[in-house]
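Chain and residue survey
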4 protein chains.
Amino acid sequence: MESKKNDGRETCGCSIPEKVNKRLKSGPTIVVVNGIKIGGSEVIIIAGPCAVESLDQLTRTALSVKRNGAKILRGGAFKPRSSPYNFQGLGEEGLKLLREVSNETGLPVVTEVLDTRHIQMVSKYADMLQVGSRNMHNYPLLKEVGMQKKPVLLKRGMMATIEEFLLAAEYILNQGNDQVVLCERGIRTFETSTRNTLDLSAIPMLKSLTHLPVIADPSHGTGINWMVPPMAKAAVAAGADGLIMEVHYNPDEALCDGQQSLTLNDFGKLMNDLRKVAEAVDRNIS
Amino acid sequence: MESKKNDGRETCGCSIPEKVNKRLKSGPTIVVVNGIKIGGSEVIIIAGPCAVESLDQLTRTALSVKRNGAKILRGGAFKPRSSPYNFQGLGEEGLKLLREVSNETGLPVVTEVLDTRHIQMVSKYADMLQVGSRNMHNYPLLKEVGMQKKPVLLKRGMMATIEEFLLAAEYILNQGNDQVVLCERGIRTFETSTRNTLDLSAIPMLKSLTHLPVIADPSHGTGINWMVPPMAKAAVAAGADGLIMEVHYNPDEALCDGQQSLTLNDFGKLMNDLRKVAEAVDRNIS
Amino acid sequence: MESKKNDGRETCGCSIPEKVNKRLKSGPTIVVVNGIKIGGSEVIIIAGPCAVESLDQLTRTALSVKRNGAKILRGGAFKPRSSPYNFQGLGEEGLKLLREVSNETGLPVVTEVLDTRHIQMVSKYADMLQVGSRNMHNYPLLKEVGMQKKPVLLKRGMMATIEEFLLAAEYILNQGNDQVVLCERGIRTFETSTRNTLDLSAIPMLKSLTHLPVIADPSHGTGINWMVPPMAKAAVAAGADGLIMEVHYNPDEALCDGQQSLTLNDFGKLMNDLRKVAEAVDRNIS
Amino acid sequence: MESKKNDGRETCGCSIPEKVNKRLKSGPTIVVVNGIKIGGSEVIIIAGPCAVESLDQLTRTALSVKRNGAKILRGGAFKPRSSPYNFQGLGEEGLKLLREVSNETGLPVVTEVLDTRHIQMVSKYADMLQVGSRNMHNYPLLKEVGMQKKPVLLKRGMMATIEEFLLAAEYILNQGNDQVVLCERGIRTFETSTRNTLDLSAIPMLKSLTHLPVIADPSHGTGINWMVPPMAKAAVAAGADGLIMEVHYNPDEALCDGQQSLTLNDFGKLMNDLRKVAEAVDRNIS
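The next point concerns the overall build of chain A. If you tally the helices and strands in chain A, you get 10 helices and 10 strands. Taken over C-alpha atoms, the radius of gyration comes to 18 Å for chain A, in line with the 19 Å a tight globule of 286 residues would show. The dimensions of chain A, computed from C-alpha atoms along their principal axes, are 55 × 40 × 40 Å. When contacts within chain A are restricted to residue pairs at least 6 apart in sequence, those whose partners lie at least 24 apart make up 70%. Of the accessible surface of chain A, which amounts to about 8700 Å², a share of 47% is contributed by carbon and sulfur atoms. Of the side chains in chain A, 34 bear a positive and 32 a negative charge, and the two mean positions are spaced by 3 Å.

Right, dumping it as structure tokens:
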């Protein structure tokens, strides 16, 4: 006898809006970022520094992560920082560096947009627009990225339920843009030994409710570099369609989030391990 | 260049008591339950019903999970239930059934003890004593199991920090019993789509701080049977030394927690998948 | 012997930025909204509907709450709603109604701004700009309201720590605008019987750390209209410098948040009760 | 027009068991502790040290708090401590001191019981049995105190929902003992500036659902002595039937929880303030 399959809708106790709803669409959505397909059998790895710092930094990192199998480059030009006195990113200068390194290496780039007034500018340089955790409830921003012709990486708010996360995605789809990748990146709980609590159960739950691809961010999800490898492997085992991870050639000198960045070497080793886990769950990393 | 390895102590921001502290002991602790070793290279699977209901139920389940590779049988005789009007378990009658089925099948048994007055009785029948999530802060109970010559399965309180969890284990070790297995079983957060939030990051965090084995309970951690397989695989990928899972030959008729129980068939399939994941992370399930 | 007074800084375990820091300024900041002073001995009551719906609705409500002692009128023209299919507010039309009713009644108005592109427009009509809970981490918005010559009502993010809340205020002060009122409006916890958990301990904690005025929002803090009176009284007893509450002449027909709105009658009764509590803690409501 | 009164049952979204249910009993339950009535118009103050340390400490504290209006003395003889290396209480010796000071001063005493094996012994000395936060889910203990002829002070688990809290009380009433006082003492949230988050909304919510008296513990609820007065006043304003507070004649030398203890002087001042707040909400403190 088989377990009765719950349909997710009843399981989560929530009401799933129509455009993101798995039941109301046949088959999964594949999000295509300059030729790279997210949501198929391949587990897509996105890697790069927290913040764009210089051409040299970005080029070295990009070449190294590409050689090890990353398919998309990440890097922040506008950084949402808790304190006004922390490094806020290079702004448009950072976007130009991202475009330049993307052209050189062939890796598409994803970068965060914080302000509705910057969307046109960011869209000029980036291949994929990221809406970060702090902006998951920023509805004007969601509507605006929904009007662009760019794929969107939508991170779960650190305080957002699964239902609110799907409603945020619905804001984007409702404007005509269905190229949305959902990213679990850790929620806030009482536990303080990690920066956030990476909620890996969100991966199977979301995949049961929506046709959109789901990836995980073990760097922000843990906040600690040595915890990234086990949690990255766990995310792939749980069914993630991809991972986004912070990598820096010298974490100790990173202008932001160095404590959660992998070195280039550690990233290379991790990729080998991830290939084995992906195969064990009938996926692959090329 | 390698990441600087954090030592855990600083990472978790907590102070680790001496007897559970990994730094103050050379090598991991292997917990032996009637010959079954937890904490070595093999990932140990504990399976069985939420509650002992009858000889027939327990025997059928035990034989089936054993055939599929489970090494220890679980089953509750004293059940901590939120409502006084719910089934509270068979009590000593349940313990006798556990012993009988253990003797028949050769599977050691683990069962929960709720009350200091029952420890002698439970110890007479069980091979391993479980202290459940609701009793992680029950210090008289911790001291009492620390005085027994039985291995202990200590579950994390649903709102216990990593530091409090380790202090609870310290209570047991401090009485002279170092045969303690720690079990992550889901914490309580704002998210309501799952019963609890299985905090898999607790696995690498605990393993960096203590020499004790660490396992996971994806049944209570999710509360939903179809989520058990992905989360079980994720736990093994994250480095768990074992898993404890609820299995019932007819979940729809289970006297407790049927909605989170795997069928016998589903358990068999999952075991095959788990073997592949275990190998991918250089572990094994025999 | 007196208790040794903790200085707050050590107590909260956090680092308080300089411009909001109570220690680095002599005396409290009084925020003046069109002549109404927040932060002095009077407890200032802000009241009005969740959303501006019509001239009639707003006028009736304004006249009634004014008669009962409210000093500022609230009303949303741009509403941040979890679902794209819910009423999103009347937009500029709503702002015009707010201005009209303000001019008629003499009550200054506070309304929320969601989008950096709307700040000039909202500033044209409103006496005070509200940054809502979902935008507490929206740094471009914080910077932009910091550049206006308008007082700001900054709500605590529903999962923001005290430290993050003060850092968000620092973003505003750092742009030259020190007319900021902090508002505790409920945090997200595991408890589901209320919409949020109104964290009244934030009031004395914030007042020990910063010179800015602190008010509470028992309407969002509980989400249930009959809980507003006891929690409003509790907030005043805990030392709040003011309250913001939702009032509707017919909650059952409100276009948003009717279940947490007081009727005009209930508001009148509550004001009488609040006057007594204010006096009991050496404050007053005129 | 009046707000439609929600009946609580629907509001909390939970199912309230029969014996604690307000709807199924006419009028509130008055709990009588050696002549002191909790649940009537008087707000009852319980005060005393965290732990019983010596006859001198207890006598001085008892005489002082009695003079200032406290009606019941608290003091721990068995202390549940996170670490096995912390002071665990004086045990039966502490109980004898409590009895002695009670007899001298005429103040009834409440003290915590941790272990089912100690209930007879504790009952011999105490006028009221406390089940602490860590034992709210300890069902054997709840059943056992339900079989005693002593009033019970049941503290909310730091991780317990309102529904679970009422179910725990139901365990006691179901054994025939309806003399149960519920105590909100702070829940665990993400916020770390206070020890716990005192959930004052639990007071009106519980009072709408059950006929049992409800009190608050601002000492554990905040963990910081200077925060006790504002939160004590807030609790009374929110409708609490009483307060329990830690008082020590020299907090700096207290064997436990000194940082949250009031001095004798501070307690005296607070009592004067509380009388005014109680009157403002039509209650009294004699």
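For the rest of this paragraph, the subject is the state of the cysteines. The tally for this structure, following the rule as stated, stands at 4 disulfides over all chains. The side chain of A:Cys50 participates in a disulfide bridge whose partner is A:Cys256; the two sulfur atoms lie 2.1 Å from each other. On the sign convention where negative is left-handed, the bridge of A:Cys50 and A:Cys256, at about -95° about the S-S bond, is left-handed. Of this pair, A:Cys50 sits in the loop between β3 (44-48) and α2 (55-67) while A:Cys256 sits in the loop between β10 (242-246) and α10 (264-280), and the two are 206 residues apart along the sequence. Residue classification places A:Cys50 among the buried positions, given a relative accessible area of 3%. Residue B:Cys183 stays outside any disulfide, its sulfur separated by 14 Å from that of B:Cys50, the closest cysteine.

To continue, consider the packing of α2(A) against helix α3 (residues 92-105) of chain A. Residues and elements named next belong to chain A. Running from N to C, α2 and α3 point in directions that differ by 35°, and their axes come no closer than 10 Å. Seen from above, α2 lies across α3 with right-handed handedness. Residues Leu55, Leu58, Thr59, Ala62, Leu63 and Lys66 of α2 lie in contact with α3, whose contacting residues are Leu97, Leu98, Glu100, Val101, Glu104 and Thr105. Classifying every residue of the contact of α2 with α3 gives 7 nonpolar, 2 polar and 3 charged.

Our focus in this paragraph is the interface of chain B and chain A. On the chain A side, the residues contacting the 54 residues of chain B number 54 residues. The contact between chain B and chain A buries some 4300 Å² in all, and 61% of this surface belongs to carbon and sulfur atoms. Along the contact surface separating chain B from chain A lie 2 salt bridges. Its salt-bridge partner being A:Arg156, residue B:Glu191 comes within 2.7 Å of it at the nearest N-O pair. Here chain B and chain A share 4 residue pairs in polar contact (both at pLDDT 80 or more) between them. Going through the elements one at a time, α1 (9-12), α7 (202-209), α9 (228-237) and α10 (264-280) of chain B are the ones with two or more residues in the side of chain B that touches chain A. Looking at the side of chain B that touches chain A, the element that brings in the most residues is α10(B), giving 6 residues. By residue class, the composition of the side of chain B that touches chain A is 25 nonpolar, 17 polar and 12 charged.

In screw terms, the move from chain B to chain A is a rotation of 180° and a rise of 0.0 Å along the axis, fitting with an RMSD of 0.0 Å. Such values leave the two copies arranged in the relation of a two-fold axis. Looking at the rotation axis and the C-alpha trace of chain B, the residue lying nearest is B:Ala234, at 2.0 Å. Comparing interface residues between copies, 100% of those in chain B also sit at the interface in chain A, which points to an isologous, same-surface contact.

Within this structure, the stated rule accounts for 59 salt bridges over all chains. Salt-bridge contacts for B:Arg117 lead to D:Glu144; the nearest nitrogen and oxygen are separated by 3.0 Å. Residue B:Arg117 is located in the loop between β5 (109-112) and α4 (119-125), and its partner D:Glu144 is located in helix α5 (residues 139-146); the two belong to separate chains. A relative accessible area of 14% places D:Glu144 in the buried class. Note that C:Arg283 and C:Asp241 form a salt bridge whose closest N and O atoms lie 2.7 Å from each other. Residue C:Arg283 is found in the segment after α10 (264-280), and its partner C:Asp241 is found in the loop between α9 (228-237) and β10 (242-246); the two are separated by 42 residues along the sequence.

Right, let's get into the relation of the copies chain A and chain D. Superposition of chain A onto chain D requires a rotation of 180° combined with a translation of 0.0 Å along the rotation axis, giving an RMSD of 0.0 Å. Taken as a fraction of all interface residues of chain A, those also at the interface in chain D reach 100%, which identifies the copy contact as same-surface.

Residues and elements named next belong to chain A. Residue alternation in strand β5 (residues 109-112) divides its side chains into two sets, Val109 and Thr111 and Val110 and Glu112, and both sets are buried. Sheet analysis places strand β4 (residues 72-74) next to β5, joined by 2 bridges and oriented parallel. In the sheet register, Arg74 faces β5, and the bridge partner there is Val110. As for the winding sense of the linkage, the β-α-β connection from β4 through α3 to β5 is right-handed. As defined by bridge partners, β5 adjoins strand β6 (residues 128-131) across 3 bridges and the pair is classed as parallel. Bridge assignment links Val110 to a residue of β6, and that residue is Met128. Crossover β5 to β6 through helix α4 (residues 119-125) is right-handed.

This part is about the pairing of strand β7 (residues 152-155) of chain B. Residue and element names in this part refer to chain B. Burial along β7 is two-sided: the residues Val152 and Leu154 and Leu153 and Lys155 are all buried. The pairing of strand β6 (residues 128-131) with β7 spans 3 bridges and is parallel. Bridge pairing links Leu129 to Val152 in β7. In this view, the connection linking β6 to its parallel neighbour β7 by way of helix α5 (residues 139-146) has right-handed handedness. With 4 bridges joining them, β7 and strand β8 (residues 180-184) adopt parallel strand pairing. Of the residues in β8, the one forming a bridge with Leu154 is Leu182. Handedness of the β-α-β unit built from β7, helix α6 (residues 162-173) and β8 comes out right-handed.

Right, let's get into the sheet that holds β7(B). Read once around its circumference, the closed barrel built from 8 strands follows the order β3-β4-β5-β6-β7-β8-β9-β10 (chain B), with strand pairing classed as parallel. Taken over all neighbouring pairs, the strand axes of this sheet differ in orientation by 25° on average, direction set aside.

Facing the 4 residues of chain A at the interface are 4 residues of chain D. Between chain A and chain D, roughly 280 Å² of surface is buried when both sides are summed, and carbon and sulfur atoms account for 81% of that area. Sorting the residues of chain A by area buried against chain D places A:Arg188, A:Phe190 and A:Thr192 first, and these three jointly supply 90% of that buried surface. For the pair chain A and chain D, the number of links is 0 salt bridges. Our count for the contact surface shared by chain A and chain D stands at 0 residue pairs in polar contact (both at pLDDT 80 or more). Partitioned by chemical class, the residues of the side of chain A that touches chain D number 1 nonpolar, 2 polar and 1 charged.

What follows covers α9(B). All names here are of chain B. In terms of burial, α9 is a largely internal element, 9 of the 10 residues being buried. Looking only at α9, the buried set comprises Val228, Pro230, Met231, Ala232, Lys233, Ala234, Ala235, Val236 and Ala237. Once α9 ends, the next one or two residues include Gly239, with phi positive near 110°.

Before going further, it helps to spend a moment on the packing of α9(B) against α10(B). Residue and element names in this part refer to chain B. Contact pair α9 / α10: the axes reach a minimum separation of 9 Å and the direction vectors enclose 25°. As judged from the angle between their axes, α9 and α10 are roughly parallel. Viewed along their axes, α9 and α10 form a crossing whose handedness is right-handed. Listed contacts from α10 to Val228, Pro229, Ala232, Lys233, Val236 and Ala237 of α9 are Leu270, Asp273, Leu274, Val277 and Ala278. Split by residue class, the contact of α9 with α10 holds 9 nonpolar, no polar and 2 charged.

Before going further, it helps to spend a moment on the confidence of the model for chain A. Residue and element names in this part refer to chain A. Per-residue confidence for chain A averages 94 on the pLDDT scale, and 96% of its residues sit at or above 70. This stretch, residues 1-10, has a pLDDT under 50; its non-local contacts, to residues over four places away or in other chains, come to 31 contacts. If you check the scores for this complex, the pTM reads 0.95 and the ipTM reads 0.95.

Calculation notes
- Residues numbered from 1 in each chain as written.
- Chains lettered and ligands numbered in written order.
- Predicted model: local features only at pLDDT ≥ 70, side-chain atom pairs only at ≥ 80, totals over all residues.
- Heavy atoms only, no water.
- Helix = DSSP H or I, 4+ residues; strand = E, 2+ residues; numbered from the N terminus.
- Rg over C-alpha atoms; globule rule 2.2 N^0.38 Å.
- Contact = heavy atoms within 4.5 Å.
- Areas by Shrake-Rupley, 256 points an atom, 1.4 Å probe, with all protein chains shown as cover.
- Lys, Arg positive; Asp, Glu negative; His and termini not counted.
- Charge placed at Lys NZ, Arg CZ, Asp CG, Glu CD.
- Disulfide = S-S within 2.5 Å.
- Buried < 20%, exposed > 50% of the residue type's maximum accessible area, 1.4 Å probe, protein only.
- Axes fitted to C-alpha atoms, helices over the stretch in contact; angles between N-to-C directions.
- Left-handed = near helix turned anticlockwise from the far one by under 90°.
- Nonpolar A, V, L, I, M, F, W, Y, C, P; charged D, E, K, R; others polar.
- Buried area = accessible area lost by both parts, 1.4 Å probe.
- Salt bridge = Lys/Arg side-chain N within 4 Å of Asp/Glu carboxyl O.
- Polar contact = N/O pair within 3.5 Å; in protein donor to acceptor, adjacent residues only side chain to side chain.
- Least-squares fit on C-alpha atoms with pLDDT ≥ 70 in both.
- Pairing = 2+ DSSP bridges.
- Right-handed = clockwise from strand over helix to strand, strands pointing away.
- Parallel < 35°, antiparallel > 145°, perpendicular 65-115°, else oblique.
- pLDDT = per-residue confidence, 0-100.

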